Protein chains: 2
Amino acid sequence: MQFHLDGFKPGDPLIEEASGQAKTSARTDAVPEQVDVLIVGCGPAGLTLAAQLSSFAGINTRIVEQKDGPLQLGQADGIACRTMEMFEAFDFSERVLKEACWINEVTFWKPDENQSENIVRHGRVRDVEDGLSEFPHVVLNQARVHDFYLDVMRNSPRRLEPDYSRRLLDLTIEPSDTVDYPVTVRLQRIDPQHKGQVELVRARYVVGCDGAHSAVRNSIGRQIVGDSANQAWGVMDVLAVTDFPDIRLKAVIQSASEGNALIIPREGGYLARIYVELDKLKENERVTNRSITLDYVITAAQRILHPYSLEVKEVPWWSVYEIGQRICDKYDDVPEQETGSRLPRVFIAGDACHTHSPKAGQGMNFSMQDTFNLGWKLASVLRKQCVPELLHTYSAERQRVAQELIDFDREFARMFSDRPLQAADRAWEITEGVDPEEFQQYFVKHGRFTAGMGTHYRRSIICGESSHQHLAEGYPIGMRFHSAPVIRLADAMSMQLGHAGKADGRWRLYAFCDAEDPMSESCGIRMLCEFLAQARNSPVRKFTPGGQDIDAVFDVRAIFQQGHQDLALEKLPEFLLPRKGRYRLRDYEKVFCPDPTTGQDIFDLRGINRAEGCIVLVRPDQYVAHVLPLNACRSLSEFFDGFMLPQS
Amino acid sequence: MQFHLDGFKPGDPLIEEASGQAKTSARTDAVPEQVDVLIVGCGPAGLTLAAQLSSFAGINTRIVEQKDGPLQLGQADGIACRTMEMFEAFDFSERVLKEACWINEVTFWKPDENQSENIVRHGRVRDVEDGLSEFPHVVLNQARVHDFYLDVMRNSPRRLEPDYSRRLLDLTIEPSDTVDYPVTVRLQRIDPQHKGQVELVRARYVVGCDGAHSAVRNSIGRQIVGDSANQAWGVMDVLAVTDFPDIRLKAVIQSASEGNALIIPREGGYLARIYVELDKLKENERVTNRSITLDYVITAAQRILHPYSLEVKEVPWWSVYEIGQRICDKYDDVPEQETGSRLPRVFIAGDACHTHSPKAGQGMNFSMQDTFNLGWKLASVLRKQCVPELLHTYSAERQRVAQELIDFDREFARMFSDRPLQAADRAWEITEGVDPEEFQQYFVKHGRFTAGMGTHYRRSIICGESSHQHLAEGYPIGMRFHSAPVIRLADAMSMQLGHAGKADGRWRLYAFCDAEDPMSESCGIRMLCEFLAQARNSPVRKFTPGGQDIDAVFDVRAIFQQGHQDLALEKLPEFLLPRKGRYRLRDYEKVFCPDPTTGQDIFDLRGINRAEGCIVLVRPDQYVAHVLPLNACRSLSEFFDGFMLPQS
């Protein structure tokens, strides 16, 4: 964490200085008549976006919600490794790590071959493959994730708080792009004091994060379509006493004839979530019409767990659902055929665009990644850093990866509802069902997907072509920047390189050094620094507004191959020790060296070409935008010319 | 973290349920007329004690402070590894780790042999030897440590807040032990609204954490005595621009003729603290009489750092001081000769009892350890768990280790003020001064002391005799329990065993398994569990109040030698899966296995006898109280009989 740059400030460094607006204007309980961005819905997608936008003092963001206050008890709970990486960028990963339940191992249970009414453990694997992320897969009540985002918003320059008890009535978009605030929204207040009052809000952009029944989605005429597997499941959070030994591990259970179950341990050491397979539904039958009771779900769980007992003491939350996958074909208000001529003004995200089965644990995670993708784009357009056409990439990128997720999820969910094949079946040549071993293998094989690492954006104005991918095999363009251990040169700090990247809307340019002596004038890193600092077509010079710190738009970090005790800080290019802020103090946190204690160093781990080095460009949402040779100054310029606006 | 035991509770689990008292009685701005413990002074010692006591709903604690609010800018900054371990027990270590500056390496600078007006680096070492603690040595403004403690107090059942703007006028102690509240304190309010008002408070116990000029110390007639080295030093926190390359490392600098300096990097990436040797003082001369200016200190620093430049931009805090060590001979109100016949009622802690030079970074750390030692003792006497004679051990333990610290500190400070011996000196057979290499060696050799691990309590009613020490060589009786990596059996969680121990006033009994099959009826751990659960002289049965959870007083944890996948949870003794709380839920966090990924496992790392296993008893303040064979049931009983009170 860096602070005190512009002079010593007492107190919590996470509480940023309030913007002029936040200082002077008293907080009223009305939504202002004009806003830059109006977010509809305080779920994970809405709050991720609000937290991201609140960090920009110059952007007027508001977030409205139907409920009358913060969520106390949510249904989502799984937090994928990828999401933890994003939480780190929002500076609250350590709070989640502390409070959540870590999912370390998964066990697999099947019918006992000798006594098929009993279940027996047949497999045990790590939940996440080693090295996939520096973060674990954890489980925590969604309400607490909301709380952490609300803290980020509260501590931000805008001191953003949600406006509760508002229902969206309707939304209209002015056809012309010449209007500053083209979206008009009518909000109805639904709290007893203001019941029936209607607020009219004009916004530059509106983002619908208002769930599966999204009013924003309906208002732009989009539909969510999909299918259902006609299979009912129950889910319950329980405080229970059991002799089932894996109640604190994730356990996948296939019983011979009572159906399947999934146990997920929960935070706090006592709570567990149990997913229970219930009845097959008829074609077009809705599970809600079955009037399934909690007792029914508990009894089904008890039958599946036989011979183990399950004595349920308290059920803070339970539900029944049918498995289904639904998706919207486009995530903004611009029809496909008009993308060349019209700019998007209204977006949808999260459950408003895609719903899937809960057991892959993707709903909340994928929703947050939607708006993490959108947030920096909106901010950079509003701040006039980038061309507004950039906003087309949101739907293009996110809709496609959601489609891939849904295809995966359908197969995953199907296996969860299949009966287990047993030895007896094989003897009788019965093949309908799933082999428990195969199910386990499928589970392991698709671990990257469930960990949130399956996302791979295609080539676009913000994802370069892959002709230099061989310089950094471990950083596929379009995939998330995979952190690795390094040592910071100036203070010998062992740390994760990826944690240098915060959710601050900046681009990261990681320069991996080549094999030349870093002190020689001709070494790649020195030449690159010279270009970035001096050249007229340097993106740093061209796109950084005058008067701002040198790293305000591009955060350049160098990784050398030498050990940190073998490199002389005082001989590095000045550009890597940039002077910043009111006092022009040096920033000592731009230069890293390999961590020798970890066996393989970052060059090995990420397949960096040691002879040539390379540049890895990382977007503000942590995805790799490009891999280029150290000396590819022209390609570097051209890439950013494609979507950035020159600053004066 | 464990929560939801008595039913699901939404919200932040660190915010404990308010006690009946905190719920019903409105907070007034007056100190009540009767309290259990009155703490005087909101420094590190006072706040550690207040945070510890606030966790007990039944104890009425108040803390008063002369200042009118929380500290904004403190002078202390070094946080030793040992202190971090304690912060973990108070559940805020991760906040400190995130915000603080980590001290990773130390460099040593001496005069250039060829050009003695210049300094050159001659050595570089790890600041803390590997494996000494799972925590690093960090640096953070004392005011932030206060903030973290204030949060703990605020979230505690008592919702404790300091009473500011109070000055202690005087204190009297009733001679008889028959009075419930024998200490009478007069507090003068000094805020403008209440100026001159006097509050009369009767307390069972009073603890003076009121600094070097302690009024509490004076009121019990104790004196702090010591000597001074007649050497002036300056210290300043700076935001500065320099080409000195080690400004983000801890740097010990010996110049040829301009004196010595010590640089400590500070939190936030820009701030640094510089200690600068100034003038020799005359016998009995006070540094305050010299009228030393900030410019004088800066200029001295600049001369020492030659040939490097130092351009100071802002100085949030600076001071001058003379080196000296002072200590009080006893830390309570009972004269040495009356310890057999009288019980202590008033204690002093922190700077009120001992002051030393700041460069070893011990002031704040040692002060907090004082009251961490006292806190559980006071609580267990007030809760009638232990005999009041236990309170004698506070002064006995803490005064002695402070004396050892002061002896170390005197030598350490002397070396810091010595001139460096150079090659030329040796040629001229000059021996006055310190060899820079020797200084570095001394520094490394005493790293355990500066890390806070030098404390070793002698045998007493709460520190057993060492006849079984060979069963656990790595857990010396009287020294702090040294954590090590383990895997928790039930959820395969990699964690630190020591972090199971929180600042909750409980004793920990770590049972390390012997070589027998843990499933056999005769294995040591099974026999021990049977004894603890069933026997009439089991300390667990004897000293745990009826109606409380089985682990309310003794938190028993078992560490097996088998891998976590090789041990069947369902076959463990019931005592290790205890049922607790309103629903009698199982606690799954009592059993651990070695962590195979760390090379050496906990049995190797801590020298546990694998054939015999052992019991390691750990006090509520994290110090090892005893090491016993697994089957030493009688010794175990007798040890606790020595100071605990049987419960009904």
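Rules used in this analysis
- Residues numbered from 1 in each chain as written.
- Chains lettered and ligands numbered in written order.
- Predicted model: local features only at pLDDT ≥ 70, side-chain atom pairs only at ≥ 80, totals over all residues.
- Heavy atoms only, no water.
- Contact = heavy atoms within 4.5 Å.
- Buried area = accessible area lost by both parts, 1.4 Å probe.
- Salt bridge = Lys/Arg side-chain N within 4 Å of Asp/Glu carboxyl O.
- Pairing = 2+ DSSP bridges.
- Helix = DSSP H or I, 4+ residues; strand = E, 2+ residues; numbered from the N terminus.
- Buried < 20%, exposed > 50% of the residue type's maximum accessible area, 1.4 Å probe, protein only.
- Least-squares fit on C-alpha atoms with pLDDT ≥ 70 in both.
- Phe/Tyr/Trp six-rings, centres within 6.5 Å; stacked < 30°, edge-to-face > 60°.
- Lys NZ or Arg CZ within 6 Å of the ring centre and 35° of its normal.

Chain A puts 59 residues into the contact, and the matching count from chain B is 59 residues. Taken together, the two surfaces of chain A and chain B that pack against each other cover about 5,600 Å², and 58% of this comes from carbon and sulfur. Ranking the residues of chain A by area buried against chain B places A:F8, A:K98 and A:Y270 at the top, with a combined share of 15%. Summed over the shared surface of chain A and chain B, the result is 6 salt bridges. Between B:R144 and A:D12 there is a salt bridge, with its nearest N and O atoms 3.6 Å apart.

Now for the sheet that holds strand β7 (residues 137–139) of chain A. All names here are of chain A. Strand order in this open sheet of 3 strands is β3-β7-β4, and the pairing throughout is antiparallel. Both edges of this open sheet fall to β3 (78–79) and β4 (101–103), since each of them pairs with a single strand only. The sheet contact formed by β3 and β7 spans 2 bridges and is antiparallel. Across the sheet, residue G78 finds its bridge partner in β7, namely V139.

Quick look at the sheet that holds strand β7 (residues 137–139) of chain B now. Backbone-to-backbone hydrogen bonds pair the strands of a sheet. The strands run either parallel or antiparallel. Read from one edge of the open sheet, 3 strands run β3-β7-β4 (chain B), paired in antiparallel fashion. A single partner strand is all that each edge strand has here, and the edge strands are β3 (78–79) and β4 (101–103) of chain B.

Attention now moves to the side chain of A:H482. Residues and elements named next belong to chain A. One can find H482 in the loop between α12 (447–450) and β18 (485–488). According to the relative accessible area criterion, H482 is buried, its value standing at 12%. Setting aside residues no more than four positions away along its own chain, H482 makes contact with G131, L132, S133, Y475 and R606.

Another point: the relation of the copies chain A and chain B. Each copy superposes on the other: chain A lies on chain B with an RMSD of 0.0 Å after a rotation of 180° and an axial shift of 0.0 Å. Here the copies are linked by what is in effect a two-fold axis. Looking at the rotation axis and the C-alpha trace of chain A, the residue lying nearest is A:E94, at 3.5 Å. Comparing contact sets, 100% of the residues at the interface of chain A also lie at the interface in chain B, consistent with an isologous, same-surface contact.

Below, the discussion takes up the packing of aromatic side chains. Applying the stated criterion to the full structure yields 62 aromatic pairs over all chains. Relative to B:Y149, the ring of B:F92 has its centre 5.2 Å away and its plane inclined at 85°; by these criteria the two rings are edge-to-face. Of this pair, B:F92 sits in the loop between α3 (81–89) and α4 (93–99) while B:Y149 sits in helix α5 (residues 142–154), placing them 57 residues apart in sequence. Classification of B:Y149 as buried rests on a relative accessible area of 0%. Ring geometry for B:F640 and B:F643: centres 5.8 Å apart, planes at 55°, overall tilted. By relative accessible area, which is 0% here, B:F640 ends up buried. Taking the relative accessible area as the measure of exposure, B:F643 reaches 0% and is therefore buried. Within the aromatic cluster, the residues linked to one another by ring pairs are A:F87, A:F90, A:F92, A:F148, A:Y149 and A:F372. The ring of A:F366 has A:R398 sitting right over it, with the charged end atom 4.5 Å from the ring centre.

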